Amino acid sequence: MTGRYPNTRLRRTRATGWSRALHRETLLTPADLIWPLFITEGEGVEEPISSLPGVSRWSIDGIVARAKEAVSLGVPVLALFPNTQPERRSDDGAEALNPDNLMCRAIRAIKDACGDDIGVLTDVALDPYTAHGQDGLLDDRGYVVNDETVAVLVDQALNQAKAGADIIAPSDMMDGRIGAIRMALEMGEHRNVQIMSYAAKYASAFYGPFRDAVGSGGLLKGDKKSYQMDPANSDEALREVELDIAEGADSVMVKPGLAYLDIIYRVKRAFGVPVFAYQVSGEYAMIEAAAGVGAGDRDALLMEKLLAFKRAGCSGILTYHAPVAAKLLNG
Ligand code: PBG
């Protein structure tokens, strides 16, 4: 007596744990994770962020402790974002160029404590430093101007590289900035500093808690639609990525993550370069909120989503869940 469907039993390989492990196509490990951290002034300071339950801003000593934790968990990279004090913000964002700003002090402290046991990825954009919360310089009409902004971003990137940044990550979406920053790094003897470009960054409603975390949310008037991408577009994302690779990006990012898995997949298919997803603050908050109302198991929800990024073609994921996920993966 044979079964009725002898040749069509895909379920056969799913029946046991060992067999599921054997047939698994996608692997998620702590080495796939990049942990974004928010820095604040002071000593021994931890400031919880209410729109990001479980995430805090840390003073530099706390950031160093997180760096050591990342090393022990096997998380290879930290992404740093400063919460600049209001009195240090200005229309031109000049604090971004201060060699002793919060970002540079944090980079140096991490590198002093951990050396090359961890990579430090730094955000290049002016929004944590501007009084208006936009990522670039404004003209009289409040329009974010491209070329003048790129000139400042180049100096910002050099300032971070001098402090010891390993990966420069421009999140500003100005045109031409990757080429300009690459050239400046080469000329400034920072040839091995990488660039991870926020190549396809969308004007998204999912960034709210991040803007609270860096303190730009309350300052921002209007939106960022004149430079971040229209969520309706995907061919345009390929053009953005193509340009950034040609200009010298070592890797590219798609942001936000989950609502843009199709973009990740297309970029990976088209270019075969290392692609990273930023699972942004609003996505983190959604998982926590869903679990908070009993709509699912938090750990299962977050691991399934992280795996989806790998399946879509990502080399890694920026996620606020990095330490939680790494602990789960390390068992
Ligand atoms: C801005 C920047 C943003 C994020 C990273 N860099 C927000 C924005 O574009 O307004 C969002 C990250 C997140 O939501 O977690 N340079």
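As the structure is a computational prediction, the values presented were derived from the model and not from experiment. (Residues numbered from 1 in each chain as written. Predicted model: local features only at pLDDT ≥ 70, side-chain atom pairs only at ≥ 80, totals over all residues. Heavy atoms only, no water.)

Visitor: Would you explain the pattern of salt bridges in this entry?
Guide: Pairing between side chains of opposite charge can happen when the charged atoms of each approach one another. Overall, the coordinates contain 20 salt bridges when judged by the stated rule. Among the salt bridges present, the one from R105 reaches E41, with a minimum N-O distance of 2.7 Å. Taken together, the residues span a long stretch of sequence, with R105 in helix α3 (residues 102–114) and E41 in the loop between β1 (33–39) and β2 (46–48) at a distance of 64 residues. Residue classification places R105 among the partly exposed positions, given a relative accessible area of 29%. Beyond isolated ion pairs, a larger network of salt bridges with shared partners links R66, E69 and K327. (Salt bridge = Lys/Arg side-chain N within 4 Å of Asp/Glu carboxyl O. Helix = DSSP H or I, 4+ residues; strand = E, 2+ residues; numbered from the N terminus. Buried < 20%, exposed > 50% of the residue type's maximum accessible area, 1.4 Å probe, protein only.)

Visitor: In this structure, what is going on with helix α11 (residues 322–330)? I would like to understand it.
Guide: Every α-helix winds through 3.6 residues per turn, so residues three or four apart in the chain are directed the same way. Within α11, burial applies to A322, P323, A325 and A326. The buried residues of α11 all sit within an arc of 160° when viewed along its axis, so they share a single face. Considering only its buried residues, α11 is in contact with β1, α2 (60–73), α10 (298–312) and β10 (316–319). The first or second residue beyond α11 is G331, which carries a positive phi of 65°. (Arc of directions from axis to C-beta. Contact = heavy atoms within 4.5 Å.)

Visitor: Quick question: what am I supposed to make of the side chain of S59 here?
Guide: By the secondary structure assignment, S59 is in the loop between β3 (56–58) and α2. Of note is the side chain of S59, whose polar atom sits 2.9 Å from the backbone nitrogen of V45. Setting aside chain neighbours within four positions, we find S59 in contact with T40, E41, G42, E43, G44 and V45. (Polar contact = N/O pair within 3.5 Å; in protein donor to acceptor, adjacent residues only side chain to side chain.)

Visitor: How should the site of the ligand be read in this particular structure?
Guide: Near the ligand lie 17 residues; those nearest to it are R211, K224, K255, S281 and Y320. Take D127: an N or O atom from its side chain is 2.9 Å from a nitrogen atom of the ligand. Within the side chain of Q228, a nitrogen or oxygen atom sits 2.8 Å from an oxygen atom of the ligand. Across the complex, the protein chains shield 100% of the 400 Å² of accessible surface that the ligand would expose by itself. Residues that form the shell around the ligand fall into these classes: seven nonpolar, three polar and seven charged. (Near = heavy atom within 4 Å. Areas by Shrake-Rupley, 256 points an atom, 1.4 Å probe, with all protein chains shown as cover. Nonpolar A, V, L, I, M, F, W, Y, C, P; charged D, E, K, R; others polar.)

Visitor: Whenever I open this one, the environment of P82 confuses me. Can you help?
Guide: The residue P82 is located in strand β4 (residues 77–82) in this model. Sequence spacing of P82 and M103 is 21 residues, and the spatial spacing of their C-alpha atoms is 5.8 Å. In this structure P82 touches I39, L102, M103, P128, Y129 and V214, once residues within four positions along its chain are discounted.

Visitor: What's the story with the environment of L33 in this structure? I'm lost.
Guide: Within the secondary structure, L33 sits in strand β1. It is 8.7 Å that separates the C-alpha atoms of L33 and P323, two residues lying 290 residues apart in sequence.

Visitor: Please clarify how the nonpolar core should be interpreted in this entry.
Guide: The tendency in soluble globular proteins is for nonpolar side chains to be buried side by side. In terms of nonpolar packing, the biggest core is built from 78 residues, with L78, L80 and L306 touching the most fellow members. Considering each element in turn, this core owes the most residues, eight residues, to helix α4 (residues 146–163). Setting aside residues no more than four positions away along its own chain, L80 makes contact with L37, I39, I63, M103, A106, I107, I110, V120, L121 and D123. By size, the runner-up hydrophobic cluster in this structure holds 24 residues, among which are F38, A169, F210 and Y320. (Core = buried A, V, L, I, M, F, W, Y, C linked by side-chain atoms within 4.5 Å.)

Visitor: Honestly, the side chain of Q160 in this entry has me stumped. Any pointers?
Guide: Following the sequence through the fold, Q160 ends up in helix α4. The exposure class of Q160 is buried, given its relative accessible area of 1%. Sequence-distant contacts of Q160, that is, excluding residues within four places in its chain, are made with M103, I107, T122, D123, V124, A165 and I168.

Visitor: Just to check I follow, could you spell out the pairing of strand β9 (residues 275–279) for this structure?
Guide: It is a general feature of regular strands that their side chains alternate between the two faces of the sheet. Most of β9 is tucked away: five of the five residues are buried. Sheet topology places strand β8 (residues 251–255) next to β9; three bridges connect them, and they run parallel. Its bridge partner being in β9, V252 is matched across the sheet by V275. Viewed along the sheet, the connection from β8 through helix α8 (residues 261–271) into β9 turns out right-handed. (Pairing = 2+ DSSP bridges. Right-handed = clockwise from strand over helix to strand, strands pointing away.)

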